[in-house]
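Survey of secondary and tertiary structure
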Amino acid sequence: MNGFLGAARGWLPLALIVGTIAGCSSVPLPPASPPAAAVVVPEAPAAPAAPALTQGRSRWVPVAWSELPGFAEDQLHEAWNAWTRSCERPPAAFAPLCPQVRRLMLGSAQEQREWMMQRLQPYRVEPLQGASEGLLTGYYEPELVASRLPTASHRVPLYRPPATLASRRPWYTRQEIDTLPEALAALRGREIGYLEDPVDALVLQIQGSGRVRISEPDGSQRLVRLAFAGSNEQPYRSVGGWLLQQGALRDASWPGIRAWVAQNPQRVQEMLWSNPRTVFFREEPLSALDAAFGPRGAQGVPLTPGRSIAVDRESIPYGTPVWLASTGPLVELQRLVLAQDTGSAIVGAVRADYFTGWGQAAGELAGRLKQPLRLWALWPK
């Protein structure tokens, strides 16, 4: 997402960043068992009349609604918030439906479900070649503490884009930014604030956005959002992968990485420099309303925890409602989500990154989420 939370800025899903891995409390997870009184979904035609479609890297195969696992049980009102957000910048195919989507915000789940079945056709998303099962990972928005000015404890800078960013592509590597006088000169005066932990800064750059409580020189504090504003366009290299190659770790999870950092402080800079990519930010105010949603995704609308996904935009257009089904050791998901974001590692027809929310719990869920995935695009008839 150019200027969004994660996409075109080039972050990677947390479970892929660290090499091998297995919410925010607002992440709505599915119930342990279906409701006692399950909703009956009317029979759909056995053979959908719609033709198969080719969408970029994917093939869309029309199916009956009965193919969507859990369709009768999902709490659709949770997804409707994300859908109305998509209607702020709808794709052309959905713009005529948005007035009805907004009116149904107050409708019952059964009314919403029946409307979807009347107006939309489900398509199973498949690659042009290969199996239809893909990969689900997760991403989130970190919550951090920073100082506006450097202190004895907070000395890791977060930068706005340098004025010379567009004139030099790719820009300096992470190591050059830390060591070359010309790179340091270009960033002088571009500091937004300072963190205590360089690994926290790396995580913030990888996720592409974060909520930061900044202490001002007068002692006051402000809660702001640091949003992606550009990168040095250097290739991304996993620090977890680097540690595995060094033989330093066998399971490069984030807890494992942080444990290694605590035991090897003299090698932390070497580990950080193994990833030449860095990200620059812009500071945004964070009102109470803004704080109820995530940062803006590639579609240009705020992300909704548990109901927004990042997709390959060549396979699923932004703003498309998608039925997601994924079962793994961590969580079972069968729910309506909205394609509102993208990312440099989100490539392929059946590939999604699940926005888990913000904070420590969301980060733990995002960091462990790596499991099989099936997708169905819901497209206007």
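Residues numbered from 1 in each chain as written. Predicted model: local features only at pLDDT ≥ 70, side-chain atom pairs only at ≥ 80, totals over all residues. Heavy atoms only, no water.

Looking at unusual backbone geometry
Put simply, Arg169 and Pro170 share a cis peptide bond, and its omega is -10°. In this fold, Pro170 is placed in the loop between β6 (156–159) and α5 (174–179). Backbone geometry places Glu233, a non-glycine residue, at a positive phi of 60°. Relative to the assigned elements, Glu233 resides in the loop between β9 (221–231) and α8 (239–246). (Helix = DSSP H or I, 4+ residues; strand = E, 2+ residues; numbered from the N terminus.)

Overview of the environment of Leu97
Looking at the secondary structure, you find Leu97 in the loop between α2 (76–86) and α3 (98–103). Looking at Leu97, the relative accessible area reads 4%, which means it is buried. Between the C-alpha atoms of Leu97 and Cys87, which are ten residues apart in sequence, the distance is 8.9 Å. The residues contacting Leu97, other than those within four sequence positions of it, are Trp115, Arg119, Leu120 and Pro380. (Buried < 20%, exposed > 50% of the residue type's maximum accessible area, 1.4 Å probe, protein only. Contact = heavy atoms within 4.5 Å.)

A look at the packing of α2 against helix α4 (residues 109–119)
Across the interface, α2 lies against α4 with an axial gap of 9 Å and an inter-helix angle of 60°. As the angle between them shows, α2 and α4 are arranged oblique. Our pair here, α2 against α4, has a crossing hand that is left-handed. Of the residues in α4, those touching α2 at Leu76, His77, Trp80 and Trp83 are Ala109, Gln112, Arg113, Trp115 and Met116. For the contact of α2 with α4, the class distribution of residues is six nonpolar, two polar and one charged. (Axes fitted to C-alpha atoms, helices over the stretch in contact; angles between N-to-C directions. Parallel < 35°, antiparallel > 145°, perpendicular 65-115°, else oblique. Left-handed = near helix turned anticlockwise from the far one by under 90°. Nonpolar A, V, L, I, M, F, W, Y, C, P; charged D, E, K, R; others polar.)

Here we look at the pattern of salt bridges
Once their charged atoms are close, side chains differing in charge can pair, the charge on each being opposite to the other. On inspection of all chains with the given rule, the structure shows 18 salt bridges. When the shortest N-O distance is used, the salt bridge between Arg258 and Asp197 registers 3.2 Å. Separated by 61 residues along the polypeptide, Arg258 in helix α9 (residues 254–263) and Asp197 in the loop between β7 (191–195) and α7 (198–207) bring together distant segments of the chain. You can call Asp197 partly exposed: its relative accessible area is 23%. For Glu216, the salt bridge is made with Arg222, and the minimal N-O distance between the two is 3.7 Å. Connected through shared salt-bridge partners, Arg59, Glu67, Arg124 and Glu126 make up one network. (Salt bridge = Lys/Arg side-chain N within 4 Å of Asp/Glu carboxyl O.)

A word on the layout of surface pockets
Of the pockets and cavities examined, the second largest pocket occupies roughly 400 Å³. As for the second largest pocket, its lining consists of 19 residues, of which Val156, Pro157, Arg174, Asp178 and Gln269 are closest to the centre. Elements supplying a minimum of two residues to the lining of the second largest pocket: β6, α5, α7, α10 (268–273) and β10 (279–285). Of the residues belonging to the lining of the second largest pocket, the class tally is 13 nonpolar, three polar and three charged. (1 Å grid on protein atoms, 1.4 Å probe; cavity = no way out; pocket = protein on both sides within 12 Å on 5 of 7 lines; lining within 4 Å. Points joined across faces, edges and corners; volume = space filled by probe spheres on them.)

A few points about the state of the cysteines
Evaluation of the coordinates by the stated rule reveals one disulfide. Between the sulfur atoms of Cys87 and its disulfide mate Cys98 the distance is 2.2 Å. Of note, the bridge from Cys87 to Cys98 carries an S-S torsion of about -85° and is left-handed in sense. Pair noted here: Cys87 is in the loop between α2 and α3 and Cys98 is in helix α3, with a separation of eleven residues, a long-range link. Taking the relative accessible area as the measure of exposure, Cys98 reaches 4% and is therefore buried. (Disulfide = S-S within 2.5 Å.)

Observations concerning the nonpolar core
Trp80, Trp83, Met116 and Leu336 are the most contacted members of the largest nonpolar core, which has 47 residues in total. Ranked by residue count, the leading element in this core is strand β15 (residues 370–380), at six residues. Apart from residues lying up to four places away in sequence, Met116 is in contact with Trp65, Phe71, Leu76, Trp80, Trp83, Leu336 and Leu378. (Core = buried A, V, L, I, M, F, W, Y, C linked by side-chain atoms within 4.5 Å.)

Looking at the packing of α7 against α9
Contact geometry of α7 with α9 gives a least axis separation of 12 Å together with a crossing angle of 150°. As the angle between them shows, α7 and α9 are arranged roughly antiparallel. Seen from α7, the contacting residues are Val199, Asp200, Leu202, Val203 and Ile206; seen from α9, they are Trp254, Arg258 and Val261. When the residues that make up the contact of α7 with α9 are grouped by side-chain class, the tally is six nonpolar, no polar and two charged.

So, the environment of Gly210
Here Gly210 shows up in strand β8 (residues 209–215). Given the relative accessible area of 0%, Gly210 is considered buried. Ignoring anything within four residues of it in the chain, the contact list for Gly210 reads Glu141, Pro142, Leu204, Val224, Arg225 and Leu226.

Describing the confidence of the model for the protein
Confidence in the prediction of the protein, expressed as mean pLDDT, is 88, and 87% of residues score 70 or more. This stretch, residues 16–26, has a pLDDT under 50; its non-local contacts, to residues over four places away or in other chains, come to 52 contacts. Across residues 28–40, confidence stays below pLDDT 50; counting only partners more than four residues off in sequence or on other chains, it has 19 contacts. (pLDDT = per-residue confidence, 0-100.)

Focus: the side chain of Asn275
Among the secondary structure elements, Asn275 is positioned in the loop between α10 and β10. The exposure class assigned to Asn275 is buried, which follows from its relative accessible area of 1%. Within the local environment of Asn275, its side chain forms a polar contact with the backbone nitrogen of Arg237, the two atoms lying 3.0 Å apart. Ignoring any residue separated from it by four or fewer positions in sequence, one finds Asn275 in contact with Arg174, Leu202, Pro235, Tyr236, Arg237 and Val239. (Polar contact = N/O pair within 3.5 Å; in protein donor to acceptor, adjacent residues only side chain to side chain.)

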